[in-house]
Amino acid sequence: LTLKIGIIGRPQAGKSTLFQLLTNHQVGSGNKAQVAVGKIPDPRIDALTKLHNPRKVTYATIDFWDVPGFLPGQNAAGFLESVRDVDALVLVVRAFESDIVPSYNGLQPYGDFNDIQQELLVADWSLLETRLERIVKQRAKNPQALGELSVLEKCQATLEQDLPLRELKLDEDEEKVLRTYDFMTKKPLIVVVNLDEEQMRTDSYPRKSSSKGSCPG
Ligand SMILES: Nc1nc2c(ncn2[C@@H]2O[C@H](COP(=O)(O)OP(=O)(O)O)[C@@H](O)[C@H]2O)c(=O)[nH]1
Ligand SMILES: [Mg+2]
């Protein structure tokens with residue numbers, strides 16, 4: 001089973017650049033999700049290869065999906081559909097400055113992170129509502145429904161605080177129940193802040209201005 005990772009973010013954030021780096025795959029200009037294979041570097045395989053000099057060397061791989069950029073106010077259905085079944089998300093947010101590359105509502109990496117996270121939270125809300133309705137109806141007939149209901153209620157409390165479901169601490173059985181759902185904010189998330197060289201060197205780029213919460217970058 002190959003791990004699937006979806007690369008998401010605004011247009012012009014650097015998603016395809018990262019995708020190309022990871023997969024060595026040239027990106028076309030179309031606006032469709034693209035998939036390519038990334039090899040996982042493994043020093044153990046390299047050591048064995050040196051020792052045995054085999055004819056073929058096979059690294060473990062990850063399928064990376066380069067997902068079309070998402071803009072706020074846009075219908076999120078298509079965007080969400082392309083990442084519904086990935087195992088993890090990489091969110092690329094733009095910090096780099098450029099006169100050539102257009103930016104959408106300015107350079108605000110934290111704001112971009114927040115907007116997209118919000119979109120994922122909303123998607124989970126609507127999935128949760130559907131599931132809750134169904135499970136409440138099944139409760140009388142299905143003995144498993146009660147356990148599921150309690151997990152979903154915990155999810156509800158978490159989402160009500162605007163927190164992603166990966167923040168919710170569950171025991172092993174509850175985790176198993178939750179895994180049967182494709183909640184977006186349950187997926188592991190890596191936030192990549194795409195800095196330019198100057199920002200790298202000086203470690204200064206637009207961060208979150210208010211003091212509430214912490215910037216994931
Ligand atoms: N100056 C600068 N340009 C970048 C950087 N990262 C990406 N770009 C450029 O920004 C444009 C958009 O990048 P791309 O990876 O296609 O963004 P995507 O729309 O998120 O897939 C391309 O022309 C890239 O070459 C960066 O760190 N600095
Ligand atoms: Mg792209």
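Residues numbered from 1 in each chain as written. Chains lettered and ligands numbered in written order. Predicted model: local features only at pLDDT ≥ 70, side-chain atom pairs only at ≥ 80, totals over all residues. Heavy atoms only, no water.

> Can you walk me through the overall build of the protein in this structure?
For the protein, the count of helices and strands is seven helices and five strands. Each helix and strand of the protein, ordered N terminal to C terminal, gives the series β-α-β-α-β-α-β-α-α-α-β-α. With respect to the three principal axes, the spread of C-alpha positions in the protein is 60 × 50 × 35 Å. Looking at the protein residue by residue over its 217 residues, the buried ones come to 35%. Sequence separation of 24 or more characterises 67% of the internal contacts of the protein that already satisfy a separation of 6 or more. (Helix = DSSP H or I, 4+ residues; strand = E, 2+ residues; numbered from the N terminus. Buried < 20%, exposed > 50% of the residue type's maximum accessible area, 1.4 Å probe, protein only. Contact = heavy atoms within 4.5 Å.)

> Honestly, the confidence of the model for the protein in this entry has me stumped. Any pointers?
Should pLDDT be low for a region, the predicted coordinates there are not to be read in detail. Mean pLDDT over the protein: 90, with 96% of residues reaching 70 or higher. Low confidence marks residues 210–215, where pLDDT is under 50. Its contacts with residues over four positions away, or in another chain, come to three contacts. (pLDDT = per-residue confidence, 0-100.)

> Looking at this structure, how should I read the packing of aromatic side chains?
Aromatic ring pairs are reported here in terms of the distance separating the ring centres and the angle at which the planes meet. Evaluated as defined, the whole model comprises three aromatic pairs. Aromatic side chains Phe70 and Phe79 sit 4.6 Å apart centroid to centroid with 20° between the ring planes, which places their arrangement in the stacked category. Pair check on accessibility: Phe70 and Phe79 agree, each one buried. With 5.5 Å between their ring centres and 40° between their planes, Tyr181 and Phe183 make a pair best called tilted. Residue Tyr181 is classed as buried on the basis of its relative accessible area, which comes to 7%. Above the ring of Phe96, the side-chain terminus of Arg94 is found at 4.1 Å from the ring centroid. (Phe/Tyr/Trp six-rings, centres within 6.5 Å; stacked < 30°, edge-to-face > 60°. Lys NZ or Arg CZ within 6 Å of the ring centre and 35° of its normal.)

> Just to check I follow, could you spell out the pattern of salt bridges for this structure?
Once the charged atoms of two side chains with opposite charge are near each other, the side chains can pair. Per the stated rule, a full pass over the model turns up eight salt bridges. For Asp112, the salt bridge goes to Arg10, with nearest N and O atoms at 3.2 Å. Taken together, the positions of Asp112 in helix 4 (residues 109–138) and Arg10 in the loop between strand 1 (3–9) and helix 1 (15–23) put the pair 102 residues apart, joining distant regions of the chain. The residues Asp112 and Arg10 share a single accessibility class, namely buried. Glu174 is the partner of Lys154 in a salt bridge, and the nearest nitrogen-oxygen pair spans 2.7 Å. (Salt bridge = Lys/Arg side-chain N within 4 Å of Asp/Glu carboxyl O.)

> Looking at this structure, I do not really get the environment of Asn194. What am I missing?
Residue placement: Asn194 occurs in strand 5 (residues 189–194). Residues Asn194 and Tyr205 lie 11 residues apart in sequence; the distance between their C-alpha atoms is 9.9 Å. Those residues in contact with Asn194 that sit more than four places away from it in its chain are Ala13, Gly14, Val92, Val93, Arg94, Ala95, Phe96 and Gln199.

> Sorry, what's going on with the pairing of strand 4 (residues 88–94) here?
Consecutive side chains of a regular strand alternate in pointing toward one face of the sheet and then the other. Of all seven residues in strand 4, seven are buried, a share of seventy percent or more. In strand 4, alternate side chains face the same way, and those of Ala88, Val90, Val92 and Arg94 on one face and Leu89, Leu91 and Val93 on the other are all buried. Of the pairings in the sheet, the one linking strand 1 to strand 4 comprises five bridges and is parallel in character. Its bridge partner being in strand 4, Ile8 is matched across the sheet by Leu91. Sheet topology note: the strand 4/strand 5 ladder contains six bridges and is parallel. The residue of strand 5 that forms the bridge with Val93 is Val193. (Pairing = 2+ DSSP bridges.)

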